[in-house]
Amino acid sequence: MKQPKLYVFASNNAHKLEEVRRILSPREIHSLHEIGFEAEIDETGTTLEENSSIKARAIYEWLKQKGKEQEYIIFADDTGLEIEALHGQPGVYTARWAGEPACDANNRKKALAQLANQTNRNARFRTVITLIENGKEQQVVGEVKGIIATQESGDKGFGYDSLFIPNGYDKTFAELPAEVKNSISHRANALAKLAQIL
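The structure reproduced in this document is the subject of the present report. (Residues numbered from 1 in each chain as written. Predicted model: local features only at pLDDT ≥ 70, side-chain atom pairs only at ≥ 80, totals over all residues. Heavy atoms only, no water.)

Here's the deal with the side chain of T130
Locating T130 in the fold gives a position in strand 5 (residues 122-133). When its relative accessible area of 0% is taken as the criterion, T130 is described as buried. Side-chain polar atoms of T130 contact the side chain of S52, separated by 2.6 Å. A distance of 2.8 Å separates the side chain of T130 from the side chain of Q139, its partner in a polar contact. T130 has contacts with E49, S52, S53, A56, I74, F75, A76, E137, Q138 and Q139, leaving out every residue within four places of it along the chain. (Helix = DSSP H or I, 4+ residues; strand = E, 2+ residues; numbered from the N terminus. Buried < 20%, exposed > 50% of the residue type's maximum accessible area, 1.4 Å probe, protein only. Polar contact = N/O pair within 3.5 Å; in protein donor to acceptor, adjacent residues only side chain to side chain. Contact = heavy atoms within 4.5 Å.)

Below, the structure written as structure tokens:
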């Protein structure tokens, strides 16, 4: 009898892993740490699509060297905040927009400063997930549209959650209950599409 494939998500981020495991349950999702992959992946892409692919491909090649690439279904995500008035910035540089060392608080301060005199506060979060199975690659995209608030609000979530108000709501992601955020988020949308493929 054929062994069921194992799933590996190219991340050690506890927030992401929790969300991924919940949405893709009952599948068992392994982190990079759990499969023994400890190397840093150099994300050299200029788009979310490229970086997502780079991460998934790096894991695939590492497993291939060990002769284990047939045992796993690999997926990796890259997520960006795209602010309309800033021509889609920070986009692919979302996590390190304010410079190194990467810091969520500084990133949020930069967003507020750049939008200080803007009336157009439209933005969207986009997640691109790359799936590799048997060497074949495909991508799914999820997004959620909203606006950037004029000040931070809420203490849940991470990243830009305390600034982002999704369309149809009057609270930021950081004020909404986790189950609400996780049902409408960009990552949830992309993972729902991934679940249909799997």
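Picking up after the structure, the text goes on.
As for the layout of surface pockets
Estimated volume of the largest pocket: approximately 990 Å³. Around the largest pocket, the lining comprises 35 residues; the ones closest to its centre are N13, K16, E43, K55 and A95. Counting only elements with at least two residues in the lining of the largest pocket, the list comes to helix 3 (48-65), strand 3 (72-83), helix 4 (104-114) and helix 6 (186-197). Here the lining of the largest pocket takes three residues from strand 3, the largest share from any one element. The calculated volume of the second largest pocket comes to roughly 250 Å³. Lining the second largest pocket are 14 residues, and of these H15, E18, A178, K181 and N182 lie nearest its centre. By residue number, the principal contributor to the lining of the second largest pocket is helix 1 (residues 14-23), which donates four residues. Partitioning the lining of the second largest pocket into residue classes produces five nonpolar, three polar and six charged. (1 Å grid on protein atoms, 1.4 Å probe; cavity = no way out; pocket = protein on both sides within 12 Å on 5 of 7 lines; lining within 4 Å. Points joined across faces, edges and corners; volume = space filled by probe spheres on them. Nonpolar A, V, L, I, M, F, W, Y, C, P; charged D, E, K, R; others polar.)

Some remarks on the nonpolar core
One finds L81, I83, F125, I148, F164 and F173 to be the most contacted residues of the largest nonpolar core, which totals 18 residues. Residue assignment for this core shows that the elements contributing at least two residues are strand 3, helix 4, strand 5 and strand 6 (136-148). In this structure, I83 is in contact with G88, Q89, P90, L115, N122, A123 and I148, ignoring residues within four places of it in sequence. If you look at the next biggest cluster of nonpolar residues, it comprises 15 residues, including V8, A56, I59 and I132. (Core = buried A, V, L, I, M, F, W, Y, C linked by side-chain atoms within 4.5 Å.)

Quick notes on the packing of helix 1 against helix 6
Put simply, helix 1 and helix 6 touch, their axes get as near as 10 Å, and they point 40° apart. Judged by the angle between their axes, helix 1 and helix 6 are oblique. Regarding helix 1 and helix 6, the two cross each other, and that crossing is right-handed. The residues of helix 6 that touch helix 1, namely those facing K16, E19, V20 and I23, are R187, A188, L191 and A192. Here the residues of the contact of helix 1 with helix 6 are counted per class, giving five nonpolar, no polar and three charged. (Axes fitted to C-alpha atoms, helices over the stretch in contact; angles between N-to-C directions. Parallel < 35°, antiparallel > 145°, perpendicular 65-115°, else oblique. Left-handed = near helix turned anticlockwise from the far one by under 90°.)

What about the pattern of salt bridges?
For the structure on display, the rule yields 14 salt bridges. Of the charged contacts, one joins E43 and K55 as a salt bridge, the two residues approaching to 3.8 Å between their closest N and O atoms. One end of the pair, E43, is in the loop between helix 2 (32-35) and helix 3; the other, K55, is in helix 3, with 12 residues separating them in the sequence. Residue R187 pairs with D77 through a salt bridge whose shortest N-O separation is 3.3 Å. (Salt bridge = Lys/Arg side-chain N within 4 Å of Asp/Glu carboxyl O.)

What about the pairing of strand 6?
In terms of strand pairing, strand 5 meets strand 6 through 12 bridges, oriented antiparallel. When the sheet's bridge partners are listed, V128 is paired in strand 6 with V141. Following strand 5, the chain reverses through two residues before pairing antiparallel with strand 6; N134 in that reversal takes a positive phi of roughly 55°. Where strand 6 and strand 7 (residues 164-166) come together, three bridges link them in antiparallel fashion. Following the sheet pairing, G146 is matched in strand 7 by P166. (Pairing = 2+ DSSP bridges.)

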